[in-house]
Amino acid sequence: MASRTVHPIGSARATIRVPGDKSISHRAAILGAIATGVTTVEGFLASEDCLNTARAMRHMGADIERDGDRLAIRGVGLDGLRESGAVVDVGNSGTGIRLLSGLAAGQAFTTTITGDASIRRRPMDRIVKPLSAMGARISGASGGLYAPLTIQGGGLHGIAYDSPVASAQVKSATLLAGLYADGETTVHEPSLSRDHTERMLTAFGASVRRDGLAVTVTPRPQLTGREVRVPADISSAAFFLVAGLLAPDARVSCVGVGVNPTRTGIVDALRVMGGDVVAEAEQMSGAEPVADLHAATSSLRGATFAGDAIVTMIDELPLLALAGSQARGQTVVRDAAELRVKETDRIAAIVSELSSLGVEVEPRPDGFVIDGPQRIRGGECESHGDHRIAMMCAVAGLIGDAPTTIHDVDCVNTSFPTFWELLEQL
Ligand code: S3P
């Protein structure tokens, strides 16, 4: 298992283009495959997670060619997919397994989907429930709670689903199945999760209606292949922006970053804490807004984050913990129990890894509390097989008193294969 050592930095000046958005890349591979005609994807994230989704679509019949971060997809149309000859393996990707399950539920054939040990521990009942209610026959480990899932699709009915969790994966799985139902499908969620599926479905020609926290898709749309430009991933940019705020004498810019308001919670949160983060050159790039984001060394103060804002920064909460450790006063995160069921239990991982570096964090069932500022002494950390924990530790290493070694860092390749190279630029 590979390790990396990060050394403290004295100052940082960098302008960085992080790779394409992971969520949007998954969706582009899936929708391109079930559209008619050619979809070209520019800025596709060629990380393990998204490549696994592209491979699944190939196994189900789509013709996908990749040249670096460019995909050319010859779609097979809504009814053109065929049974995959192999078990679909999503690797580490929760988005992959949940979205592909929704798609599989609409098909008049059987699909078996699984993933790595982390995926096989993550809850799948959250999608099995709505997809079964629509008529898909799904079996899974422990009575359908976990992968591997075997999905016998077809003959779906439209439903109105009141999701107990604010999850874009649950919403997207249900909407994708809804494309194949005999009537409209509506998903209501407790807070607005990322809406990339809705935006991309609309761009491909589907009829999608939003009414507050409810979204409705009309079945059997005519989806037409198109050009998709994938913005830089704000979840990847966030590591560099937080480095820009916390490192001494720093000015870090990330260009062409997706700033969909369902994803920018971390920028808002850092600003509430007094962080100097500025957005410039905001414009639409296809269905998604993009901007250049600039961060400069700031003196942060603690703050409390809870409620609807949490889902808009769910993947950045490990970074928010790191920022909180450097802020004056108390930082509190609540309503974030979803962190317990990510690639690892991220609340436990934040507490144990920041503590390895000398930072005390108090865990709560649905979040954490940190009193700052605390010194980061450097030392050794474990990734827990979780890319975002590994990268959070690496950013901590930049501002430690001594070097930080992070063990088991291969997981970074699931979302951000060029992370270490770009980190060198700081
Ligand atoms: C994602 C949704 C979120 C997020 C994940 C990507 C997506 O998961 O944490 O990294 O692309 O739909 P949940 O839907 O489980 O909140």
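Caption draft 1: Seen up close, the pattern of salt bridges. Tallying each qualifying case throughout the model produces 23 salt bridges. Here Arg122 makes a salt bridge to Glu343, at a shortest N to O gap of 3.9 Å. Note that Arg122 is positioned in the loop between β7 (110-114) and α4 (125-133) and Glu343 in the loop between β19 (329-333) and α11 (346-356), a separation of 221 residues in sequence. Glu227 serves as the salt-bridge partner of Arg229, at 3.4 Å between the closest nitrogen and oxygen. Taken together, the shared-partner salt bridges in this structure form one network comprising Arg122, Arg194, Asp315, Glu343, Arg346, Asp386 and Arg388.

Caption draft 2: Inspection of helix α12 (residues 387-398) at higher detail. Look at α12: 17 Å from first C-alpha to last across 12 residues, which is about the 16 Å you get at 1.5 Å a residue. Within α12, 12 of the 12 residues are buried, leaving the element largely enclosed by the surrounding structure. Looking at α12, one finds that the buried residues are His387, Arg388, Ile389, Ala390, Met391, Met392, Cys393, Ala394, Val395, Ala396, Gly397 and Leu398. The backbone nitrogen of Arg388 has a side-chain oxygen 2.9 Å away, supplied by the residue at the start of α12, namely Asp386.

Caption draft 3: Summary view of the sheet that holds strand β23 (residues 404-407). The strand order across the open sheet built from 3 strands is β1-β23-β22, with neighbouring strands paired in mixed fashion. Edge strands, defined here as strands with exactly one partner in the open sheet, are β1 (3-6) and β22 (379-382). Here the strands of the sheet are splayed against their neighbours by 20° on average, with no regard to which way each runs. Sheet strands in contact with α12 are β1, β22 and β23, and its direction is about 170° off that of β23.

Caption draft 4: Layout of the state of the cysteines. Taken as a whole, this structure holds 0 disulfides when the rule is applied. For Cys254, which is in no disulfide, the shortest distance to another cysteine sulfur is to Cys50 and amounts to 18 Å. Free cysteine: Cys411, not disulfide-bonded; nearest cysteine sulfur from Cys393 at 9.8 Å.

Caption draft 5: Examining the site of the ligand more closely. The environment of the ligand is formed by Lys22, Ser23, Arg27, Thr95, Ser167, Ala168, Gln169, Arg194, Ile314, Asp315 and Lys342. Contact between the ligand and Ser167: an oxygen atom at 2.6 Å from a side-chain N or O atom of the residue. In the complex, the protein chains occlude 96% of the 390 Å² of accessible area that the ligand would expose alone. Elements with a contribution of two residues or more to the shell around the ligand: α1 (22-34) and α6 (168-178). The element that contributes the greatest number of residues to the shell around the ligand is α1, accounting for 3 residues. Classifying every residue of the shell around the ligand gives 2 nonpolar, 4 polar and 5 charged. Taken together, domain 1 (3-20 + 231-423) and domain 2 (22-229) each give at least three residues to the shell around the ligand, which thus spans both.

Caption draft 6: Quick peek at the pairing of strand β9 (residues 146-152). Alternating positions in β9 separate cleanly, Ala147, Leu149 and Ile151 being buried on one face and Tyr146, Pro148, Thr150 and Gln152 remaining unburied on the opposite face. Here 4 bridges tie β7 to β9, and the two strands are oriented antiparallel to one another. Across the sheet, residue Thr110 finds its bridge partner in β9, namely Gln152. Across 4 bridges, strand β8 (residues 137-140) lies against β9 in antiparallel orientation. Within β9, the residue paired with Arg137 across the bridge is Gln152.

Caption draft 7: Molecular detail of the packing of aromatic side chains. Applying the stated rule across the entire model yields 5 aromatic pairs. Between the aromatic rings of Phe240 and Phe416, the centroid separation amounts to 6.1 Å while the plane-to-plane angle is 65°, which identifies the pairing as edge-to-face. Taken as a pair, Phe240 in helix α8 (residues 234-246) and Phe416 in the loop between β23 and α13 (419-424) lie far apart in primary sequence, 176 residues in all. Of the two residues examined, Phe240 and Phe416, each falls in the buried class.

Caption draft 8: Region of the structure containing the pairing of strand β5 (residues 70-76). With burial as the criterion, only one face of β5 is covered, namely that bearing Leu71, Ile73 and Gly75; the residues Arg70, Ala72, Arg74 and Val76 on the opposite face remain uncovered. Bridge count between strand β3 (residues 36-42) and β5: 7 bridges; the pairing is antiparallel. If you follow Thr40 over to β5, its bridge partner there is Ala72. Bridge count between strand β4 (residues 63-67) and β5: 5 bridges; the pairing is antiparallel. Across the sheet, the residue bridging to Arg66 is Leu71, located in β5.

Caption draft 9: Here's a closer look at the domain arrangement of the protein chain. Considered domain by domain, the protein chain is made up of domain 1 (3-20 + 231-423) and domain 2 (22-229). The C-alpha-based centres of domain 1 and domain 2 are spaced at 28 Å. For domain 1, the biggest contributors to the area lost against domain 2 are Val311, Glu343 and Thr414; these three give 23% of the whole. Put simply, domain 1 and domain 2 have 3 salt bridges between them. On inspection of domain 1 and its partner domain 2, the count reaches 15 residue pairs in polar contact (both at pLDDT 80 or more). A class-by-class count of the residues in the side of domain 1 that touches domain 2 yields 11 nonpolar, 10 polar and 9 charged.

About the cut-offs
Residues numbered from 1 in each chain as written. Predicted model: local features only at pLDDT ≥ 70, side-chain atom pairs only at ≥ 80, totals over all residues. Heavy atoms only, no water. Salt bridge = Lys/Arg side-chain N within 4 Å of Asp/Glu carboxyl O. Helix = DSSP H or I, 4+ residues; strand = E, 2+ residues; numbered from the N terminus. Expected span 1.5 Å × (residues − 1). Buried < 20%, exposed > 50% of the residue type's maximum accessible area, 1.4 Å probe, protein only. Polar contact = N/O pair within 3.5 Å; in protein donor to acceptor, adjacent residues only side chain to side chain. Pairing = 2+ DSSP bridges. Axes fitted to C-alpha atoms, helices over the stretch in contact; angles between N-to-C directions. Contact = heavy atoms within 4.5 Å. Disulfide = S-S within 2.5 Å. Near = heavy atom within 4 Å. Areas by Shrake-Rupley, 256 points an atom, 1.4 Å probe, with all protein chains shown as cover. Nonpolar A, V, L, I, M, F, W, Y, C, P; charged D, E, K, R; others polar. Domains from an automatic or database assignment. Phe/Tyr/Trp six-rings, centres within 6.5 Å; stacked < 30°, edge-to-face > 60°. Buried area = accessible area lost by both parts, 1.4 Å probe.

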